[in-house]
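Examining the three-dimensional arrangement
Each chain is listed here by its residues.
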Amino acid sequence: MTSRRQAGPSGAAFLLAQLGAHAAERFAQRVKELGLTPADVGLLRMIASQPGRSQRSLATDLGVVPSRVVALVDSLERKGLVERRSGETDRRHHALHLTTDGQQVLMRMRSIATAHEDDLCAALSTDERSQLANLLQRIADQQGLVPHVHPGYRNLSTPR
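Report on the accompanying structure. Since the model is a prediction, treat every value here as computed from it, not as a measurement.

Reading guide: rules and limits
- Residues numbered from 1 in each chain as written.
- Predicted model: local features only at pLDDT ≥ 70, side-chain atom pairs only at ≥ 80, totals over all residues.
- Heavy atoms only, no water.
- Helix = DSSP H or I, 4+ residues; strand = E, 2+ residues; numbered from the N terminus.
- Buried < 20%, exposed > 50% of the residue type's maximum accessible area, 1.4 Å probe, protein only.
- Contact = heavy atoms within 4.5 Å.
- Areas by Shrake-Rupley, 256 points an atom, 1.4 Å probe, with all protein chains shown as cover.
- Patch = residues over 30% accessible without salt bridge, like charges linked within 9 Å, V, L, I, M, F, W, Y side chains within 5 Å.
- Salt bridge = Lys/Arg side-chain N within 4 Å of Asp/Glu carboxyl O.
- Axes fitted to C-alpha atoms, helices over the stretch in contact; angles between N-to-C directions.
- Parallel < 35°, antiparallel > 145°, perpendicular 65-115°, else oblique.
- Left-handed = near helix turned anticlockwise from the far one by under 90°.
- Expected span 1.5 Å × (residues − 1).
- Arc of directions from axis to C-beta.
- Core = buried A, V, L, I, M, F, W, Y, C linked by side-chain atoms within 4.5 Å.

**Remarks on the overall build of the protein chain**
Helix and strand counts for the protein chain stand at 6 helices and 2 strands. The buried share of the protein chain, taken over its 160 residues, is 29%. For the protein chain, restricting intrachain contacts to residue pairs at least 6 apart in sequence, the fraction spanning at least 24 positions comes to 55%. When the accessible area of the protein chain is evaluated, it comes to approximately 11000 Å², of which 53% is carbon and sulfur surface.

Quick look at the structure:
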C-alpha cells in the first residue's frame, strides 16, 4: 500500500500552495460569520493602522486601481464599519476612519485570527511556529511581496 506522502507532489512550493489555499478557505469561513470577507478584514486592518489615510493610498499599497478600492470601501461603509471624512487640506479627498462598530469588529477579528492561527499551527511548538514564521518571512521578502498585504486583492472582482 502506498503511503499518503508518496502519492503526489510534496515539495515546499506545493505544500505552501496547499496550506495557503486551505488557510484562506478556513479564514473565509470564520469571518463569514461576521458578514465579512477576508478582503473586508484586510481593509479594516489597513485603515485602523493608519486612520485618515486616503483611498488612493490604499490602492497603491494593495496594487490595484483606485476604483476597486472605492467599491470595497463602499461596501464597508454600507455595513457601518468605515466612514469617509473630507480631507483636512483637500476636501476632494476622503480620509478613511473606522466607525465605533468597525473598531469593535476589528477587535473580534483579532481573536478570530488568533484562533485561526492556533488551529492551523497546532502541530507545532511555540519555537517551531516562530521559526516557521521567520522562514516564511524570508521567502516573502526574497519574492518582493508587499509586507502585510495579501496578493489576493489583485484578483478580486469588484463587489456589487
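**Let's talk about a nonpolar patch on the surface**
Together, Leu16, Leu124, Leu132, Leu136 and Ile139 line one region of the surface with nonpolar side chains, adding up to about 370 Å² of accessible area. Broken down by element, the nonpolar patch gets its largest block of residues, 3 residues, from helix α6 (residues 126-142). The topology assignment puts Leu16 in helix α1 (residues 12-32). Classification of Leu16 by relative accessible area gives partly exposed; the value is 42%.

**Points about the packing of helix α2 (residues 38-49) against helix α5 (residues 100-120)**
Two numbers describe how α2 lies on α5: the axes approach to 10 Å, and their chain directions differ by 115 degrees. In terms of orientation, α2 and α5 fall into the roughly perpendicular class. Like other packed secondary-structure pairs, α2 and α5 cross with a definite hand, here left-handed. Here α2 contributes Val41, Leu44, Arg45 and Ala48 to the contact with α5, which in turn contributes Val105, Leu106 and Met109.

**Regarding the environment of Cys121**
Within the element layout of this structure, Cys121 appears in the loop between α5 and α6. Judged by its relative accessible area of 15%, Cys121 is buried. Taking the C-alpha atoms as reference points, Cys121 and Leu132, 11 residues apart in sequence, are found 9.8 Å from one another.

**A few points about α5**
Relative to the 30 Å expected for 21 residues at 1.5 Å per residue, α5 spans 30 Å between its end C-alpha atoms, a close match to the ideal helical length. Of all the residues in α5, the buried ones are Gly102, Val105, Leu106, Met109, Ile112 and His116. The arc enclosing the buried residues of α5, seen along the axis, measures out at 125 degrees, which places them on a common side. Exposed residues on α5 whose side chains face more than 90 degrees from its buried face are Thr100, Met107 and Arg110.

**Remarks on the nonpolar core**
In this structure, Leu36, Leu44, Leu58, Leu62, Val69, Val82 and Met109 are the most contacted members of the largest nonpolar core, which totals 25 residues. Counting only elements with at least two residues in this core, the list comes to α1, α2, α3 (55-62), α4 (66-78), β2 (94-98) and α5. It is α2 that contributes the most residues to this core, 5 residues altogether.

**Observations concerning the pattern of salt bridges**
Applying the stated criterion to the full structure yields 9 salt bridges. Between Asp119 and Arg26 there is a salt bridge, with its nearest N and O atoms 3.2 Å apart. Of the two residues, Asp119 is situated in helix α5 and Arg26 in helix α1; the sequence distance between them amounts to 93 residues. The class for Asp119 is partly exposed, based on a relative accessible area of 36%. Residues Asp119 and Arg30 are paired through a salt bridge, measuring 3.1 Å at the closest nitrogen-oxygen approach. Placement of Asp119 in helix α5 and of Arg30 in helix α1 is noted, with a sequence separation of 89 residues between them. Through salt bridges with shared partners, a single ionic network connects Arg26, Arg30 and Asp119.

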